[in-house]
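Chain residues, written in single-letter form:
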Amino acid sequence: MALISQSIPNLINGVSQQPPSLRLNTQAELQENGLSNVVTGLSKRPSSKHIADLGVISNLDKAFIHTIRRDENEFYSMVVDTTGTIRVFDKDGVSKTVTNNAASYVTGLTDPSKELAAVSIADTTFIVNKTKVIAKGTTTSPVRNPEALVYVKQADYSSTYRLKITKGGSTGTIEFATKSSTQSSTALTQNAERGASTDIIAKNLAKFSGSTVSTTYYDVTSNSGAITGINITRYGSVLWIRSTDSTDFTVEVGDSHGGDHLLLFKGETGDFKKLPSEGPVDFNIKVSGDNQKAQDDYYVKFTGDGVWKETIEPNILIDLDASTLPHKLSKQPDGSFIFDVVSYADRTVGDDGTNDYPSFIGYTLSDIFFHRDRLGVLADENVIFARAGEYVNFDFFRKSTLTIVDSDPIDVAVSSNKVSILKHAVPFNESLLLFSDLTQFKLTADPVLTPETVNIANTTEFEASLRAKPAQAGRFVYFASARGAWSGMWEYFVDSDTDTNDATEITAHVPEYLNGEVINIQASSNEDMLLVQTNNDPQALYVYRYYWAGREKLQSSWSRWVFGGDIIGCSFNRADITILIKRGTNLYLERINLSVDDATNYTTGQFSIHLDRRVRLETGGLTTVPYTDAATIYVDQTGKLIPLTSVAGKLADSEVVYAGIPYTFKYQFSEPVVKQNNQPITTGVLNLRNYAVVYNDTGFFEVDVTPSRRSTYNRKFTGRLVGGAANILNRAAIDSGTYEFGVMANSSNSSIVLKSSSHLPCVFQSAEWEGFYVLRSRRM
């Protein structure tokens, strides 16, 4: 029988569900309400501070929660319940006025937590109702009565000009010829010269309506008179012929120069360059595309001053049904909020072939995001970006069908041999990571994101559980996967050696730890921390702490934080965790500070009070606890527990009293395993003799030792050591040192638990066990 000992250098690697022989000796069987820190060690987690009572909200378990973070000092919590009521609370829990001008968009929801998505950009939060099928609008482009232009492009002597119009079975013709340049007198020569000008020819062609054509300038062949329902207006050398009703008509023109002098434009033309520089404003005509130039058909209208501008095909739908598209919640200068529809630009050029509606028509949207100066949405297998640089009137249509510009909208589909319905988009490593249930895609563009540079590649194929949106922290993206009744978490990254994307499972050593489906993931790169909520464990947050030293991960710690109410939502703001928690029938706003706590919450002994729902009572401030909880206890400014009856007296003496709810820290050591050269030795029996833990700035903790088939015996550390410098009367004792306690039990079936329900801090840095090891045999 040999007496042996082994050191546990730290207690910061959290829980492991591997067999004890495979675990690191720094991993635990259980860790609850503990905070693993590579600098300070294992401590009781910081307490939550009561911020505000937010009142009664129906069906909170199904409410949609979104954090609107304007900057580090101004952030809001948005809550949308099943009634469609939108509530916004500031960081202090003050309810802000919300004017809902589009209530129908968020009514009728059965589970807003699943049916809504949101993204915040400065003072505007865009909200997507995932149940709304995106539809076209009902506005059509303008329809004009049938019309035509006759352009007298050239004029010459001894030339014939003819105009023929047919409408409703009636036909009229006007035809005349200019005179010869050779005349018998100067006056006749001048008349012939004037008659051979384009505007005079146009003026006399316009006499088709019944006026007599002057024989002074022309030799008139025919003039059959006006056609009912036809108006003719002249613009210089151009005639605008139009129907007074919707009945169409035909026009024929001719000249003695093979059609070079009189040009007709009606419905469609093959040469944009021949269009006249005069005419009626808004005259619309289709221009046939040029196959040699790979140019589609397009439409133009006359805007005056000789300008023809690209336009929309007449009588087609041009708008989007804004009531089905994302809406916005906008912060106003007075601090209130307005929920309203978003302005979306109409289609202004092209037709259904050259500038069709976005691919989200007829589909629901699954996510909304902002990437590279563009608002984007996901619909089915498509990623759709609005025009770059738009923040007010979002445009999903091209501005020209003749050319593609860098700022044009982008509409691109993923390509995979699997069904890839996109669920979430996360900006990542200068690209956009797209998640479907079975596949991950990466959207890239170099150097800028344009319709011609965009590219989507299938990067990885991990099965994902996507009820919770993946969260980015630094160079990693974290997402969940399903494992029966449990969930796993994955860490997505770019391998710097191969420049490829990959993911590793960070719950591989705790496969049955995350209980249920993951419903919320929050990550902080400042704190190297991940918070995970599941649907089967509503009163807990699963906490993952990690630490990288270069390319080596030195910490990968899972633990569980338990609260006395259902957690509805949580988010990070620098070193703070903001928690929305349902206690009883009310929703409360609470906050946990992960770094140095507010000095106003320190006792005279310079330590923080560990009570959830903590409040500070003082004269001139809060004098009563703003909630009712039978578990509330009171602590004076020296750290001593006091009864409720003493609170008023303390406040009257200008002392500070802290109030809150105790919570329990637990840490169960893994079964000690004897190892040699990091290999477990299984041929012997280890009987534990004692344990020693190194503590720092600790006021109280307990040790429960439970040998197999024997009762638990308990040891308490109070911080009060005879002769110790911290052992001062009428003040809580906070000490540092080593605490040794006996075990006297077999290592394989004993439980050793550190715990603390006290308001005093406890911090553990390392441990060591000592025991007798008996070999059943000696290996030769």
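Residues numbered from 1 in each chain as written. Predicted model: local features only at pLDDT ≥ 70, side-chain atom pairs only at ≥ 80, totals over all residues. Heavy atoms only, no water.

Under the defined criterion, the tally for this structure stands at 2 cavities of 30 Å³ or more. Computed from the structure, the largest cavity encloses a volume of approximately 140 Å³. As for the largest cavity, its lining consists of 15 residues, and the residues nearest its centre are Asn25, Ser670, Glu671, Pro672 and Val673. Of the volumes computed, that of the second largest cavity is approximately 40 Å³. Lining of the second largest cavity is provided by Ile65, Thr67, Ser77, Gly569, Cys570, Ser571, Thr578 and Leu580. (1 Å grid on protein atoms, 1.4 Å probe; cavity = no way out; pocket = protein on both sides within 12 Å on 5 of 7 lines; lining within 4 Å. Points joined across faces, edges and corners; volume = space filled by probe spheres on them.)

With that settled, the discussion passes to the nonpolar core. With 29 residues, the main nonpolar core has Phe669 and Phe701 as its most contacted residues. Where this core is concerned, the elements lending two or more residues are strand E53 (665-669), strand E56 (684-698), strand E57 (701-706), strand E58 (713-717), strand E59 (735-746), strand E60 (751-756) and strand E61 (763-775). Top contributing element to this core by residue count: E56, with 5 residues. Setting aside its immediate chain neighbours within four residues, Phe701 contacts Val693, Tyr695, Arg715, Lys716, Phe717, Tyr739, Leu754, Lys755, Ser756, Cys762 and Phe764. (Core = buried A, V, L, I, M, F, W, Y, C linked by side-chain atoms within 4.5 Å. Buried < 20%, exposed > 50% of the residue type's maximum accessible area, 1.4 Å probe, protein only. Helix = DSSP H or I, 4+ residues; strand = E, 2+ residues; numbered from the N terminus. Contact = heavy atoms within 4.5 Å.)

Turning next to the pairing of strand E25 (residues 327-331). Most of E25 is tucked away, with 4 of its 5 residues classed as buried. In the sheet, E25 pairs with strand E26 (residues 337-341) via 5 bridges, with the strands oriented antiparallel. For His327, the partnering residue across the bridge sits in E26 and is Val341. With antiparallel pairing between neighbouring strands as the criterion, E25 and E26 make up a hairpin whose turn holds 5 residues, including Gly335 at a positive phi of roughly 95 degrees. (Pairing = 2+ DSSP bridges.)

A sheet is described by the order of its strands in space; here 4 strands give the open sequence E33-E34-E35-E36, paired in antiparallel fashion. The sheet terminates laterally at strand E33 (424-428) and strand E36 (455-460), the two strands that pair on one side only. Across this sheet, the average inter-strand angle for adjacent strands is 30 degrees, counted without regard to direction. One ladder, built from 5 bridges, connects strand E35 (residues 440-444) with E36; its direction is antiparallel. Looking across to E36, one finds that Lys442 is bridged to Ala457. (Axes fitted to C-alpha atoms, helices over the stretch in contact; angles between N-to-C directions.)

All right, on to the pairing of E33 then. For E33, a buried count of 4 out of 5 residues is recorded, marking the element as mostly surrounded by other parts of the structure. Strand direction decides the pairing type here: E33 and strand E34 (residues 431-435), joined by 5 bridges, are antiparallel. Across the sheet, the residue bridging to His424 is Phe435, located in E34.

On to the packing of aromatic side chains, then. Each aromatic ring pair is summarised here by two numbers: the centre-to-centre distance and the angle between the ring planes. For the coordinates displayed, the defined rule picks out 36 aromatic pairs. Where Phe283 meets Trp308, the ring centres are 6.2 Å apart and the plane angle is 90 degrees; that geometry is what we call edge-to-face. One end of the pair, Phe283, is in the loop between strand E21 (268-269) and strand E22 (284-287); the other, Trp308, is in strand E24 (residues 307-311), and 25 residues separate them in sequence. As far as burial versus exposure is concerned, Phe283 and Trp308 are alike and both buried. Grouped by ring-pair contacts, the aromatic residues Phe665, Tyr667, Phe669, Tyr691, Tyr695, Phe701, Phe717, Tyr739, Phe741 and Phe764 constitute a single cluster. Looking at Arg613, its charged tip hangs above the ring of Tyr588, at a distance of 4.6 Å from the centre. Looking at Arg613, its charged tip hangs above the ring of Tyr627, at a distance of 3.8 Å from the centre. (Phe/Tyr/Trp six-rings, centres within 6.5 Å; stacked < 30°, edge-to-face > 60°. Lys NZ or Arg CZ within 6 Å of the ring centre and 35° of its normal.)

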